[in-house]
Amino acid sequence: LLDGGRRMRSQDGELSHFDHALNACLLLAHVALRQGDAVGLLAFGGDTPRYLPPAKGQQQLNALLNGVYDLQPGQLPGDYLAAAGELLARQPRRALVVLLGNLRDEDDQQLPLAAAQIARHHRLLIASLREEVLDRQRQQPVDSYEQALAYCGTVDYAAARSALHERLAAQGLPVLDLRPGELGPELVNRYLQWKAAGAF
C-alpha cells in the first residue's frame, strides 16, 4: 500500500522518498514471490493511482515492474481513509499489508482510523520514511539565533512525528521509523521474521 502523495516528493540524495519506497516494494515483492507468496500493489495519492492484484510466481515480478514504471508522486496529500476502503474492497482475504509513507503529525486524524480499519482484517505493518536532514540537523552545533531556531523547529517536528508513531503503536500497530536507505532491508527482515513465526 504505497502513498504517492506530495510528501513522498521529499528528496534524500538523488532519489525521492517515493522512489525509495517503490524500490523497497519491488525488493520485498521479489523476496516474497521467491517464498511462494502472492504479491500485489495498491498505489494511491499520486498522479496515476494503480492497483495490481496479488498473484504468485516470478512472472508477477515482471507484471509489477511493467505496472509501476510510470508512477510519480502527486501534488496532493494521500487519502489514507480512501486507500483503506479501496484495499478492503479489493482484498477480502487476510493478508500482510505493508503501508509505506512519509508520516507526519497532520496525519494524526486520518491515519489511525484508516490503519484500524485495515488491521481489523489484515496484518498491518507501517513503514514511515524519515528525512535524513532531520538527523543531520539535530547533530549540528548551535552557535547562532538562526541555528537555534532551526534546531528547535526540527526537534518540535520530530516530536510531533514521534507522537503519531506512538499513537499507532498504542493501537497495537507496528511502526518502522526509517531513513530511506534502510527501508528495503528492514522490510525484508521483518517479512522473513513474521513468515517464520507464522504471523500472517
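Residues numbered from 1 in each chain as written. Predicted model: local features only at pLDDT ≥ 70, side-chain atom pairs only at ≥ 80, totals over all residues. Heavy atoms only, no water.

The subject of this paragraph is the packing of helix α1 (residues 17-34) against helix α2 (residues 59-68). At a minimum axis distance of 10 Å, the contact between α1 and α2 shows a crossing angle of 165 degrees. Comparing the axis directions of α1 and α2 gives the class roughly antiparallel. Judged by the twist between their axes, the crossing of α1 over α2 is right-handed. Here α1 contributes L22, L26, A29, H30 and L33 to the contact with α2, which in turn contributes Q60, L61, L64, L65 and V68. (Axes fitted to C-alpha atoms, helices over the stretch in contact; angles between N-to-C directions. Helix = DSSP H or I, 4+ residues; strand = E, 2+ residues; numbered from the N terminus. Parallel < 35°, antiparallel > 145°, perpendicular 65-115°, else oblique. Left-handed = near helix turned anticlockwise from the far one by under 90°. Contact = heavy atoms within 4.5 Å.)

So, about helix α4 (residues 110-119). Taken residue by residue, α4 has L111, P112, A114, A115 and I118 as its buried positions. Buried residues of α4 fall within an arc of 165 degrees about the axis and therefore sit on the same side. (Buried < 20%, exposed > 50% of the residue type's maximum accessible area, 1.4 Å probe, protein only. Arc of directions from axis to C-beta.)

As a further point, take the environment of Q75. Summarising the element assignment, Q75 is placed in the loop between α2 and α3 (80-90). On a C-alpha basis, the gap between Q75 and R6 in space is 4.8 Å, while along the polypeptide they are 69 residues apart. Leave out the neighbours within four places in its chain, and Q75 touches R6, R9 and D47.

Next up on the list: α3. All of the buried residues in α3 are Y80, A83, A84 and L87. Considered in projection along α3, the buried side chains sweep an arc of 100 degrees and stay on one side of the axis. Regarding α3, its N-cap is D79, as a side-chain oxygen of that residue lies 3.2 Å from the backbone nitrogen of L81 further along. (Polar contact = N/O pair within 3.5 Å; in protein donor to acceptor, adjacent residues only side chain to side chain.)

The next point concerns the packing of aromatic side chains. Enumeration over the complete set of coordinates arrives at 2 aromatic pairs. A ring pair is formed by Y191 and F200, whose centres lie 5.8 Å apart and whose planes are at 35 degrees; its orientation type is tilted. Residue classification places Y191 among the buried positions, given a relative accessible area of 4%. For R123, the ring lying beneath its charged end belongs to W194, and the centroid distance is 3.8 Å. (Phe/Tyr/Trp six-rings, centres within 6.5 Å; stacked < 30°, edge-to-face > 60°. Lys NZ or Arg CZ within 6 Å of the ring centre and 35° of its normal.)

This brings us to the side chain of D37. Inspection of the secondary structure assignment puts D37 in the loop between α1 and β4 (39-44). Looking at D37, its side chain comes within polar contact range of the side chain of K195, at 3.2 Å. In contact with D37, other than residues within four places in its own chain, are A32, A55, K56, Y191, K195 and F200.

All right, on to the pairing of strand β7 (residues 123-129) then. In terms of burial, β7 is a largely internal element, 6 of the 7 residues being buried. For strand β6 (residues 96-101) and β7, the ladder comprises 6 bridges, and the chain directions are parallel. Within β7, the position partnered with V98 by the bridge is L125. Bridging between β7 and strand β8 (residues 175-178) involves 4 bridges; their strand directions are parallel. Its bridge partner being in β8, I126 is matched across the sheet by V175. (Pairing = 2+ DSSP bridges.)

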